Amino acid sequence: MAQNYKDELSGVETTGHEWDGLRELNNPLPKWWLYLFYVCIAWAMVYYVFYPAWPLGKTYTKGILGYSQREELDTKLAEAKAGQAKYLTAIAAKSVDEIQKDKDLLGFAMAGGRSYFNENCAACHGAGGQGAKGFPTLADDVWLWGGSSADIYKTIQHGIRSDDGDTRGTPNVGMTAFGMDGILNRDQIDQVTDYVLSLNGKTADAGKAAKGKAVYDENCAACHGDAAQGSVAAGVDGVGAPPLKQANWLYGSDKQTLVETVTNGRAGVMPAWSKRLDDATIKSLAVYVHNLGGGK
Ligand code: HEC
Ligand code: HEC
């Protein structure tokens, strides 16, 4: 063991530690560092007294200020809720139309509606309501079940062919499966689909289409209307048969899809939301969807 002794060059005492001839000088700590260290200790003492500090098993020393980040968060959340409550109560009390006329409420409902839509509707209708095969586009101004804000509100509340007592359309009744049920044979289906093509100005066999008109009048007009205008257009919900002379097809207007529709039938179901979402949420959704579609 080396002895403590003064280093000849610097005149400073060594600590006595030595490694292969290298000795550690026992320089005092710089004053500024030492004072800062004392200040830190003093600050910590003050902190212990005023703020939560020491863990005590399940609890902790609270400090005389009683400060808590959890409480601060709770207070902020409560404030935010109270701020929203004002809007939510107003939304619940007003019609969808009235909400749209109130600038503040409209902004609030649109913001909420957008996030509720992404949560609940986008899976079927696509983000932004662009739609998909069998799921109507909500971002245009073509509506089968009505595009007024009151209509949209009703559709969202009660659904379409849903299990809700006030559903739009008739539960379980959609488009008849003419092929599967043996009501029409292949030729008749070929003819009637050519007739639908001809109605829409698409290439079709004129002879078949003429025969198809007879098939249409007998089998389809009851639901789709004499002029293929659809059942809802007349203001009657009925079974909700869409117009067949149109540009916004739910399933598709190419020959193959038409044959598939007439052969196998279709019965799209839109769920009812009135038992799953509260009224203010449904109204916000109606406002959002109404504005997506350009707001008829
Ligand atoms: C499980 C899939 C599904 C979900 C989820 C869904 N929808 Fe629908 N929705 C449909 C189908 C299918 C139709 C078309 C029914 C028909 O006419 O054949 C439809 C139709 C609609 C219509 C009527 C469109 C028209 O042309 O009149 C509106 C409005 C609508 N949905 C809004 C919503 C909103 C808002 C939500 C979310 C709260 C939602 N939908 C969630 C399947 C769904
Ligand atoms: C009992 C009433 C009823 C009868 C009869 C009926 N349809 Fe339909 N049809 C519907 C309903 C309801 C729908 C909508 C189904 C849906 O939205 O899922 C529909 C949908 C369609 C579609 C799909 C439209 C689209 O947007 O993709 C076509 C095509 C169609 N029907 C053709 C016919 C033809 C052709 C006949 C006669 C052979 C016929 N329908 C008879 C009720 C009927």
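Residues numbered from 1 in each chain as written. Chains lettered and ligands numbered in written order. Predicted model: local features only at pLDDT ≥ 70, side-chain atom pairs only at ≥ 80, totals over all residues. Heavy atoms only, no water.

Colleague: Summarise the overall build of the chain; cite the residues concerned and give the values.
Modeller: When helices and strands are counted, the chain shows eleven helices and four strands. Dimensions of the chain along its principal axes, counting C-alpha atoms only, are 120 × 55 × 35 Å. Considering the chain as a whole, with its 296 residues, one finds that 31% of them fall into the buried category. The contacts in the chain between residues at least 6 apart in sequence include a share of 52% that link residues at least 24 apart. Charged side chains of the chain number 29 positive and 34 negative; the gap between the two group centres comes to 3 Å. (Helix = DSSP H or I, 4+ residues; strand = E, 2+ residues; numbered from the N terminus. Buried < 20%, exposed > 50% of the residue type's maximum accessible area, 1.4 Å probe, protein only. Contact = heavy atoms within 4.5 Å. Lys, Arg positive; Asp, Glu negative; His and termini not counted. Charge placed at Lys NZ, Arg CZ, Asp CG, Glu CD.)

Colleague: Now, about the domain arrangement of the chain: what can you tell me, with residues and values included?
Modeller: How large an interface is tends to be reported as the accessible area lost when its parts come together. The domain architecture assigned to the chain consists of domain 1 (14-60), domain 2 (98-159 + 272-292) and domain 3 (186-264). The straight-line distance from the C-alpha centre of domain 1 to that of domain 3 is 87 Å. (Domains from an automatic or database assignment.)

Colleague: Describe the coordination of the iron atom of ligand 2, naming the residues involved and giving the relevant values.
Modeller: Looking at the iron atom of ligand 2, one finds its protein donor set to be M175 (SD) and H224 (NE2), positioned 2.0 to 2.1 Å from the metal centre. Geometry at the iron atom of ligand 2 is octahedral, judged from its six donor atoms and the angles of 87 to 179° they form at the metal. With M175 in the loop between α6 (149-158) and α7 (186-199) and H224 in helix α9 (residues 221-224), the pair connects residues that are 49 residues apart, well separated along the chain. Classification of M175 as partly exposed rests on a relative accessible area of 25%. (Donors = N, O, S within 2.8 Å, 3.2 Å for Na, K, Ca; no water. Tetrahedral: all angles 85-135°; square planar, octahedral: opposite > 155°, others 65-115°.)

Colleague: An account of the coordination of the iron atom of ligand 1 is needed here, citing residue identities and associated values.
Modeller: Protein coordination at the iron atom of ligand 1: the donors are H125 (NE2) and M270 (SD), at 2.0 to 2.1 Å from the metal. Around the iron atom of ligand 1, the six donor atoms are arranged such that angles at the metal cover 87 to 180°; this shape is classified as octahedral. Placement of H125 in helix α5 (residues 122-125) and of M270 in the loop between α10 (255-264) and α11 (279-292) is noted, with a sequence separation of 145 residues between them. The pair H125 / M270 is uniform in exposure class, with both members buried.

Colleague: Which residues make up the environment of I41, and what are the values?
Modeller: Turning to its location among the elements, I41 is positioned in helix α1 (residues 31-50). Distance from I41 to S198, taken between C-alpha atoms, is 91 Å for residues 157 residues apart in sequence.

Colleague: Give me the site of ligand 1: which residues, what numbers.
Modeller: The immediate surroundings of ligand 1 are formed by 23 residues, with C121, C124, H125, W145 and M270 found nearest. At a separation of 2.8 Å, an oxygen atom of ligand 1 approaches a polar backbone atom of L144. A distance of 2.8 Å separates an oxygen atom of ligand 1 from a polar backbone atom of W145. Considered class by class, the residues forming the shell around ligand 1 number 17 nonpolar, five polar and one charged. (Near = heavy atom within 4 Å. Polar contact = N/O pair within 3.5 Å; in protein donor to acceptor, adjacent residues only side chain to side chain. Nonpolar A, V, L, I, M, F, W, Y, C, P; charged D, E, K, R; others polar.)

Colleague: Can you explain the pairing of strand β2 (residues 22-25)? Please cite residues and give values.
Modeller: Two strands pair when backbone bridges link them, and strand β1 (residues 14-19) and β2 are joined in this way by three bridges, in the antiparallel orientation. Following the sheet pairing, E18 is matched in β2 by R23. Hairpin connection from β1 to β2: two residues lie between these consecutive antiparallel strands, with D20 at a positive phi of about 45°. (Pairing = 2+ DSSP bridges.)

Colleague: Lay out the site of ligand 2 with the relevant residues and their values.
Modeller: Neighbouring ligand 2 are 27 residues; M175, C220, C223, H224 and Y251 lie closest to it. The separation between an oxygen atom of ligand 2 and a polar side-chain atom of Y251 is 2.5 Å. Contact distances for ligand 2 include 2.7 Å between an oxygen atom and a backbone N or O atom of G268. Only α9 and α10 provide two or more residues apiece to the shell around ligand 2. Per-element accounting of the shell around ligand 2 gives the leading share, three residues, to α10. In the shell around ligand 2, the residues fall into 16 nonpolar, nine polar and two charged.

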